[in-house]
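Structural features, examined
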Amino acid sequence: MPITRAAKRATVRLGAVVLAGTLLAACGSGTSDSSDSANGKVTLTVDLFGSFGYKEAGLYAEYEKLNPGVTIKQTDTEDEVDYWKSLQTRLAGGGGLADVQGIEVGRIASVTQQQSDKFQDLKEYGADKLEDQFADAKWSAATTEDGKILGLGTDVGPEAMCYRTDLFEQAGLPTDREELAQKWSTWDGYLELGEQYRKKAPDKSAWLDSIGSLYQVVIGQEKERYYDASGKLIYEENPAVKAAWDTAVKASDAGLSAKLDQWSPQWNQAFAAGSFATIPCPAWMLGYIKGQAGDAGKGKWDIAKLPGGAGNWGGSYLSVPRAAEHKKEAYELIKWLTAPEQQAKLFNKQGNFPSSTGAIEKVATAEDAYFSNAPIGRIFGDAAKASPVQVLGVHDQNVVQQLTNALGEVERKGTSSDKAWETAKKGVANVIG
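Residues numbered from 1 in each chain as written. Predicted model: local features only at pLDDT ≥ 70, side-chain atom pairs only at ≥ 80, totals over all residues. Heavy atoms only, no water.

**A look at the overall build of the protein chain**
Heads up, the rule is: Only DSSP runs of H or I with at least four residues qualify as helices, and only runs of E with at least two residues qualify as strands; both kinds are numbered from the N terminus onward. Computation of the radius of gyration draws on C-alpha atoms, with the globule rule given as 2.2 Å multiplied by the number of residues to the power 0.38. Buried, partly exposed and exposed residues are distinguished by accessible area as a fraction of the type maximum, computed with a 1.4 Å probe on protein chains only: under 20%, between the cut-offs, and over 50%, respectively. Accessible areas in this description were obtained via Shrake-Rupley with a 1.4 Å probe; residue shielding takes into account the shown protein chains only.
Counting secondary structure elements, the protein chain contains 18 helices and nine strands. Here the C-alpha atoms of the protein chain give a radius of gyration of 21 Å, agreeing with the 22 Å that 2.2 N^0.38 yields for 433 residues. Referenced to the eigenvectors of the C-alpha coordinate spread, the extents of the protein chain come out at roughly 65 × 45 × 35 Å. Looking at the 433 residues of the protein chain, the share that counts as buried comes to 59%. When the accessible area of the protein chain is evaluated, it comes to approximately 16,900 Å², of which 46% is carbon and sulfur surface.

Structure below.
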């Protein structure tokens, strides 16, 4: 996820806000001795962004069956940016918090470095015994310097490229995933193939959805992006950021983008309409594509290795606010949801790639009929192994938001690259000070 799950998954990053419901539980006393709990009945509230896939994969129903008396109520904000703003307001006021809150990977450094007093140390419930179940980078990112464990990892976002085989055929392009991986082994190769597509593309169909998504997936291949290991903000002078920016601008200049804001209603509708032929595709995007393209899209999509090598975009955590009403019960739920068995089920049904090492082994041979029987276990497993361990900064997500907003001005309004870059820098300065 994710997305923002990455964002998506995230990150589930820019566009219109769709609030699926209102939060069903206000802040309690921070204990688990409510009248419902005393009667053996507990309603656990879960507040997420984007699509984590738990409900769709049947995991909530399974947990409720295994734990009679437990009812799970989920609320969901589609745009992670607005979700985070709302969460900050509720954390500051202490009210309206769910028992479980989702945290996007681009925010986890903010939680561990600036808000550790707002979230429950899961070590108090025995979470330290789970460390061996998770990839080192995933575990350490949610652990404070003094050893508090503030979240359990859900998915990670190894990247590939999803594409429409029917649209490729109409434009006279090859559709074999291995052949395409060779043709677009570099980003220049990907853009060159895009120009070939544009010349013979079906009516009202572009090569990719947006240059913002292209930027996100290119920068996801880098270890250092917005901060260095010392915590210094470096995005302005980082050549990797500028290279990803320039690749996105080049795609815009070549007329390859459908100019769609990710997570907007128009973007959602475009999956079924065939408005773009390719989309940079972290693993959590698979479930989103299925949900938007529907049954009619089955067999029309496929997945190939990402241009330029492997990368990561997104991934999330489940955390328990200190002001949650049912903290212990909430921990038991997130412990179960992030266990290897459930992470494997979620990948097989929704595509969210596991952060649990045991689950990664379980899904190695997985295929997906919706995506033309693509070997998703191998494709995303190889990408996960080759992806860099990224340096996470306190304001990663804020920087991403400003950069992708500015790129949107480039593709929709024709703003020059230099002017858009200056706008992005001003935006970052305004947001983070």
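Let us keep going from here.
**Things to note about the state of the cysteines**
Just so we agree on the cut-off: By definition, disulfides here are pairs of cysteine sulfur atoms that lie within 2.5 Å.
Across all of its chains, the model carries one disulfide by this definition. Each disulfide pairs two cysteine sulfurs, and for Cys 162 the partner residue is Cys 281, the sulfurs being separated by 2.1 Å. Between Cys 162 and Cys 281, the disulfide has an S-S torsion of -60 degrees and is therefore left-handed. Taken together, the positions of Cys 162 in strand E4 (residues 152-164) and Cys 281 in strand E6 (residues 276-282) put the pair 119 residues apart, joining distant regions of the chain. The buried category is assigned to Cys 281, whose relative accessible area is 0%.

**Things to note about empty space enclosed by the protein**
Stated formally: The pocket and cavity definitions rest on a 1 Å grid over protein atoms only: a 1.4 Å probe that fits but cannot leave marks a cavity, an open set with protein on both sides within 12 Å along at least five of seven lines marks a pocket, and residues lining either have an atom within 4 Å of a point. Grid points are joined across faces, edges and corners, and a volume is the space filled by probe spheres set on the points. Note on residue classes: Ala, Val, Leu, Ile, Met, Phe, Trp, Tyr, Cys and Pro are nonpolar, Asp, Glu, Lys and Arg are charged, and everything else, Gly too, is polar.
Roughly 160 Å³ of internal volume is contained in the largest cavity. Forming the walls of the largest cavity are 17 residues, and the residues nearest its centre are Val 105, Arg 225, Trp 313, Gly 314 and Gln 397. Among the secondary structure elements, those contributing two or more residues to the lining of the largest cavity are helix H9 (211-219), strand E8 (312-319) and helix H17 (396-413). Here the residues of the lining of the largest cavity sort into six nonpolar, eight polar and three charged. By volume, the second largest cavity amounts to about 50 Å³. Looking at the second largest cavity, the residues that line it are Tyr 54, Thr 154, Asp 155, Leu 337, Thr 338, Gln 343, Leu 346, Asn 352, Phe 353 and Pro 354. The class makeup of the residues in the lining of the second largest cavity is five nonpolar, four polar and one charged.

**Topic: the pattern of salt bridges**
Put simply, the rule is: A carboxyl oxygen of Asp or Glu within 4 Å of a side-chain nitrogen of Lys or Arg is what we treat as a salt bridge.
Inspection of every chain in the model, using the stated rule, returns 15 salt bridges. Of the charged contacts in the structure, one is a salt bridge between Asp 188 and Lys 250, with a shortest N-O distance of 3.3 Å. Of this pair, Asp 188 sits in helix H8 (residues 187-200) while Lys 250 sits in helix H10 (residues 239-253); the two residues are 62 residues apart in sequence, bridging distant segments of the chain. Overall, Asp 188 belongs to the partly exposed group, its relative accessible area being 44%. The class of Lys 250 is partly exposed, set by a relative accessible area of 44%. One salt bridge in this structure joins Arg 412 and Asp 261, with 2.7 Å as the shortest N-O distance. Here Arg 412 is found in helix H17, whereas its partner Asp 261 is found in the loop between H10 and helix H11 (265-273), with 151 residues between them in sequence.

**So, the pairing of strand E3 (residues 100-104)**
Test applied: Paired strands, in this sense, are two strands between which DSSP finds at least two bridges.
Taking burial as the measure, the five residues of E3 include five buried ones, the bulk of the element. The side-chain alternation of E3 yields two buried faces, one formed by Val 100, Gly 102 and Glu 104 and the other by Gln 101 and Ile 103. With two bridges connecting them, strand E1 (residues 42-49) and E3 associate as parallel partners. The residue of E3 that forms the bridge with Val 46 is Val 100.

**Describing the nonpolar core**
The line we're drawing: In these notes, a set of buried Ala, Val, Leu, Ile, Met, Phe, Trp, Tyr and Cys residues joined through side-chain atoms within 4.5 Å is what counts as a nonpolar core. Residue contacts are defined here by distance: any two heavy atoms, one from each residue, within 4.5 Å place the two residues in contact.
With 79 residues, the main nonpolar core has Trp 184, Trp 207, Tyr 226, Ile 289, Trp 301 and Ile 303 as its most contacted residues. Of the residues forming this core, the biggest block, seven residues, is contributed by H10. Those residues in contact with Tyr 226, other than ones at most four positions away along the chain, are Tyr 215, Ile 219, Lys 232, Leu 233, Ile 234, Tyr 235, Val 241, Asp 396, Val 399, Val 400 and Leu 403. Leu 44, Ile 72, Phe 119 and Phe 134 belong to the second largest nonpolar core, which has 45 residues in total.

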